[in-house]
Amino acid sequence: MCGIVGYVGRRDACPILIKGLHRLEYRGYDSAGVALVNPDGRLNVFKCKGKVSDLEHFLDGKDLGGNIGIAHTRWATHGVPNDANAHPHYSESENIALIHNGIIENYRVLKDALEQNGYTFRSSTDSEVLVNLIEYVRATSGCSLPEAVRQALRQVIGAYAIAVVEKGNHDRIVAARQSSPMVVGVGDGEFFLSSDAASIIEYTEDFVYVGDGEIAVIDRNAPLKIVTLDNHDAKIDIKKLQLSISQLEKGGYPHFMLKEIYEQPRTIVDCIRGRINPDTCEVKLSGVIDHRDRFVNARRIIFVACGTSWHASLIGEHLVESICRIPVEVEYASEFRYRNPIIREDDIVVAVSQSGETADTLAAVELARKAGAFVFGICNVVGSSIPREADAVIRHPPLGKIIGADALVAHSRSYLTAAQAGDFAVQTLLLHFVELAGQHPHTFLPVLDLAPLLLTGDHDARGLVDQPHGGGGFVDVLTARAAGTVDLHFDVGGVDLHVHFLHLRQNRDGCGGGVDTAAGFRLGDPLHTVDAGLIFEP
């Protein structure tokens, strides 16, 4: 997932841009770059394959002056990871520079048309096509840069978040969004731009979320202006966002995944605090209470999600159908949006997303809303797109943000005891479903049995989550797998199957393979896979 950072104001832009890129490293990327307009009006682009640290070395001795700039981390889609395909991209004349998240689906048609008009291309990317299209529109119509961006985007099919700067202009960034996150931070005589507010939260608490089909004209000498692709003024709604910088740091851990494993005790308690009464064990979710009739009368529940959120949703399917006896479907959002699904007005569509900006899940939400279904969001990031589009939402954790690249909607990073293995945010929602169905959930969901003890600080209960897997040292065993010393095999079934498929993905990502799961009917003996270096975990 690509990252965008931008700045215009009184400060030197480059240090702010580089720090912002470091904040976005959790997303994963293959190259990085910056574009700066120096005090003489020169537009400088510096970029390279590799990490942000490689970019920092590359910048040594370069002309980094200027109070305006844009920066980017790229995850390759069109073209291999290399210096030429890295962002920002110059237009052919080098008068305009652009950064872009997303995919331009009709880039080939646009590129052919530009080539017929004499344009040549330095890279293999769809993004370079867009910056040259903007330049072509401006050159042929004589319009301003914001108008050229608007006219160019009306010809584009696809998803994008873009930021554009131009030679000789020290004051203005033009940004736009369609199905890809974009937020503007508002300061005192300065503006910040990002694909994730976390990268610029240390500079301001005031944010404007740019909507789909909107263009932001960010000028340090004028109020923020946002217009639609149809050239109508859009409403500017400034939201306050409070987030601790410590939540964005690795805190001494070598990577975010390990940090999140060891943060599980606090995360689990945070997830249920304020939602489960420790005295009465009542579950109270305002998003459900406010729409009680929709939940009680729901004929079907559809979970839509991608990645690890999809695995968490499979746990939800197992629990809801087993306890509430309501039909449940779990759909991979990228497939759901394209297969013309049957959605009824008495369906509840639950959209699960860590970031709240997952493009396919957002498209599924839009599809569900058009069909008249009730949309319920489960998300980590307040102010992100899914909470704003949903009819109601549960956010986990209640305060803060999960940073890791494969962060779960509720941490289930390591092998917890049975009482904690499920996705806690999904479970908390399901507890309320159970109460609405008139059943007592204690027998089914151990999180409710643990809740009073966890929330009141019971030492024995907290001990269950103070160490991953409740025994200590297990995370060290997993990380030892990176050295090729340990293999893992899990023999599971029922709801545990979904939990361990989730962990299967996490451990392959974090430990590099050697993880296997067996479940269901088996012919023969699964122990044929066991050797002296294998840990067997039933």
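The sections below set out a description of the structure shown in this document. For clarity, every value in this text was computed on a predicted model and none was experimentally measured. (Residues numbered from 1 in each chain as written. Predicted model: local features only at pLDDT ≥ 70, side-chain atom pairs only at ≥ 80, totals over all residues. Heavy atoms only, no water.)

**Let's talk about the overall build of the protein chain**
What the protein chain contains, in helices and strands, is 18 helices and 22 strands. When the 538 residues of the protein chain are sorted by exposure, 57% land in the buried category. Considering only contacts within the protein chain whose residues lie at least 6 apart along the sequence, 68% involve residues at least 24 apart. Accessible surface for the protein chain amounts to roughly 21,800 Å². Of this, 49% is attributable to carbon and sulfur atoms. (Helix = DSSP H or I, 4+ residues; strand = E, 2+ residues; numbered from the N terminus. Buried < 20%, exposed > 50% of the residue type's maximum accessible area, 1.4 Å probe, protein only. Contact = heavy atoms within 4.5 Å. Areas by Shrake-Rupley, 256 points an atom, 1.4 Å probe, with all protein chains shown as cover.)

**Some thoughts on the sheet that holds strand E14 (residues 238-240)**
Sheet architecture is open: 8 strands sit in the order E3-E2-E4-E1-E10-E9-E11-E14, paired in antiparallel fashion. Among the strands making up the open sheet, the edge pair consists of strand E3 (43-49) and E14. Between one strand axis and the next, the sheet turns by 20 degrees as a mean value, whatever way the strands run. Across 6 bridges, the pairing between strand E2 (residues 31-37) and strand E4 (residues 68-74) is antiparallel. The partner of Ala-32 across the bridge, within E4, is Thr-73. In the packing of helix H2 (residues 52-59) onto the sheet, the strands contacted are E2, E3 and E4, and the crossing angle to E3 comes to about 130 degrees. (Pairing = 2+ DSSP bridges. Axes fitted to C-alpha atoms, helices over the stretch in contact; angles between N-to-C directions.)

**Regarding unusual backbone geometry**
Omega for the peptide link from His-87 to Pro-88 comes to 0 degrees, which places this bond in the cis form. Summarising the element assignment, Pro-88 is placed in the loop between E4 and strand E5 (89-90). Positive phi values are uncommon outside glycine, yet Asn-231 reaches one of about 70 degrees. Structurally, the position occupied by Asn-231 is in the loop between strand E13 (225-228) and E14.

**Thoughts on the packing of aromatic side chains**
Applying the stated criterion to the full structure yields 6 aromatic pairs. Residues Tyr-119 and Tyr-136 carry aromatic rings whose centres are separated by 6.3 Å and whose planes lie at 80 degrees to one another, so their mutual orientation is edge-to-face. Taken together, the residues Tyr-119 in the loop between helix H3 (107-116) and helix H4 (126-141) and Tyr-136 in helix H4 connect sequence positions 17 residues apart. On the accessibility criterion, Tyr-119 (11% relative accessible area) is buried. Of the residues examined, Tyr-136 reaches a relative accessible area of 28% and is grouped as partly exposed. Their ring planes at 75 degrees and their centres at 5.5 Å tell us that Phe-295 and Phe-374 sit as a pair that is edge-to-face. (Phe/Tyr/Trp six-rings, centres within 6.5 Å; stacked < 30°, edge-to-face > 60°.)

**A short note on the packing of helix H1 (residues 13-23) against H2**
At a minimum axis separation of 10 Å, H1 and H2 run at an interaxial angle of 160 degrees. Judged by the angle between their axes, H1 and H2 are roughly antiparallel. Taken together, the residues of H2 that come into contact with H1 (itself represented by Cys-14, Ile-18, Leu-21 and His-22) are Val-52, Ser-53, Leu-55, Glu-56 and Leu-59. (Parallel < 35°, antiparallel > 145°, perpendicular 65-115°, else oblique.)

**Focus on the pattern of salt bridges**
The full count for this structure, using the stated rule, is 23 salt bridges. Residue Glu-166 is joined to Arg-138 by a salt bridge in which the shortest nitrogen-to-oxygen separation is 2.4 Å. Of this pair, Glu-166 sits in strand E7 (residues 158-166) while Arg-138 sits in helix H4, and the two are 28 residues apart along the sequence. With a relative accessible area of 26%, Arg-138 lands in the partly exposed category. For the salt bridge of Arg-177 with Asp-212, the shortest nitrogen-to-oxygen distance reads 3.0 Å. Here Arg-177 is found in strand E8 (residues 172-178), whereas its partner Asp-212 is found in the loop between strand E11 (206-209) and strand E12 (214-219), with 35 residues between them in sequence. Taking the relative accessible area as the measure of exposure, Arg-177 reaches 3% and is therefore buried. Accessibility expressed as a relative area gives 42% for Asp-212, which makes it partly exposed. (Salt bridge = Lys/Arg side-chain N within 4 Å of Asp/Glu carboxyl O.)

**Overview of the side chain of His-100**
Considering the arrangement of structural elements, one finds His-100 in strand E6 (residues 96-104). A distance of 2.7 Å separates a polar atom in the side chain of His-100 from a polar atom in the side chain of Ser-127. Leaving out residues up to four positions away in the same chain, His-100 has contacts with His-72, His-87, Asp-126, Ser-127, Ala-159, Tyr-160, Ala-161 and Ile-162. (Polar contact = N/O pair within 3.5 Å; in protein donor to acceptor, adjacent residues only side chain to side chain.)

**Points about the environment of Leu-130**
Considering the arrangement of structural elements, one finds Leu-130 in helix H4. When its relative accessible area of 2% is taken as the criterion, Leu-130 is described as buried. Each C-alpha atom, one on Leu-130 and one on Ile-104, is 8.2 Å from the other, the two residues being 26 residues apart in sequence. Excluding its chain neighbours within four sequence positions, the residues that come into contact with Leu-130 are Leu-98, Ile-104, Leu-153, Val-156 and Ile-162.

**Remarks on the environment of Asn-231**
For Asn-231, a relative accessible area of 44% translates into the label partly exposed. In the structure, Asn-231 is positioned 16 residues away from Ile-215 in sequence and 9.0 Å away in space, judged by C-alpha atoms.

**Some details on the pairing of strand E9 (residues 183-186)**
Moving residue by residue along a regular strand, the side chains alternate between the two faces of the sheet. Neither face of E9 is exposed, since Val-183 and Gly-185 on one face and Val-184 and Val-186 on the opposite face are all buried. Connecting the antiparallel pair E9 and strand E10 (residues 191-194) is a turn made up of 4 residues, with Gly-189 showing a positive phi of about 70 degrees. As defined by bridge partners, E9 adjoins E11 across 3 bridges and the pair is classed as antiparallel. Of the residues in E11, the one forming a bridge with Val-184 is Val-208.

**Comments concerning the sheet that holds E8**
One open sheet accounts for 6 strands, arranged E5-E6-E7-E8-E12-E13; its pairing is antiparallel. Bordering the open sheet on either side are E5 and E13, each of which pairs with just one other strand. Looking at chain direction, E12 and E13 are connected through 4 bridges and run antiparallel. By the bridge assignment for E13, Glu-214 is matched with Thr-228. Each of E5, E6 and E7 touches H4; the most contacted strand, E6, lies at about 130 degrees to it.

**So, helix H5 (residues 145-153)**
Each full turn of the α-helix corresponds to 3.6 residues, which orients residues three or four apart in the same direction. Across the 9 residues that make up H5, a large majority, 8, are buried. Taken as a whole, H5 has its buried residues at Leu-145, Pro-146, Glu-147, Ala-148, Val-149, Arg-150, Ala-152 and Leu-153. Where H5 is buried, its residues touch E6, H4, E7, E8, E12 and E13.

**Examining the packing of H4 against H5**
In contact at an axis separation of 8 Å, H4 and H5 are set at 120 degrees when each is read in the N-to-C sense. Crossing of H4 over H5 shows right-handed handedness. Between H4 and H5, the contacting residues are Leu-130, Leu-133, Ile-134, Val-137, Arg-138 and Ser-141 on the first element and Leu-145, Ala-148, Val-149, Gln-151, Ala-152 and Leu-153 on the second. Classifying every residue of the contact of H4 with H5 gives 9 nonpolar, 2 polar and 1 charged. (Left-handed = near helix turned anticlockwise from the far one by under 90°. Nonpolar A, V, L, I, M, F, W, Y, C, P; charged D, E, K, R; others polar.)

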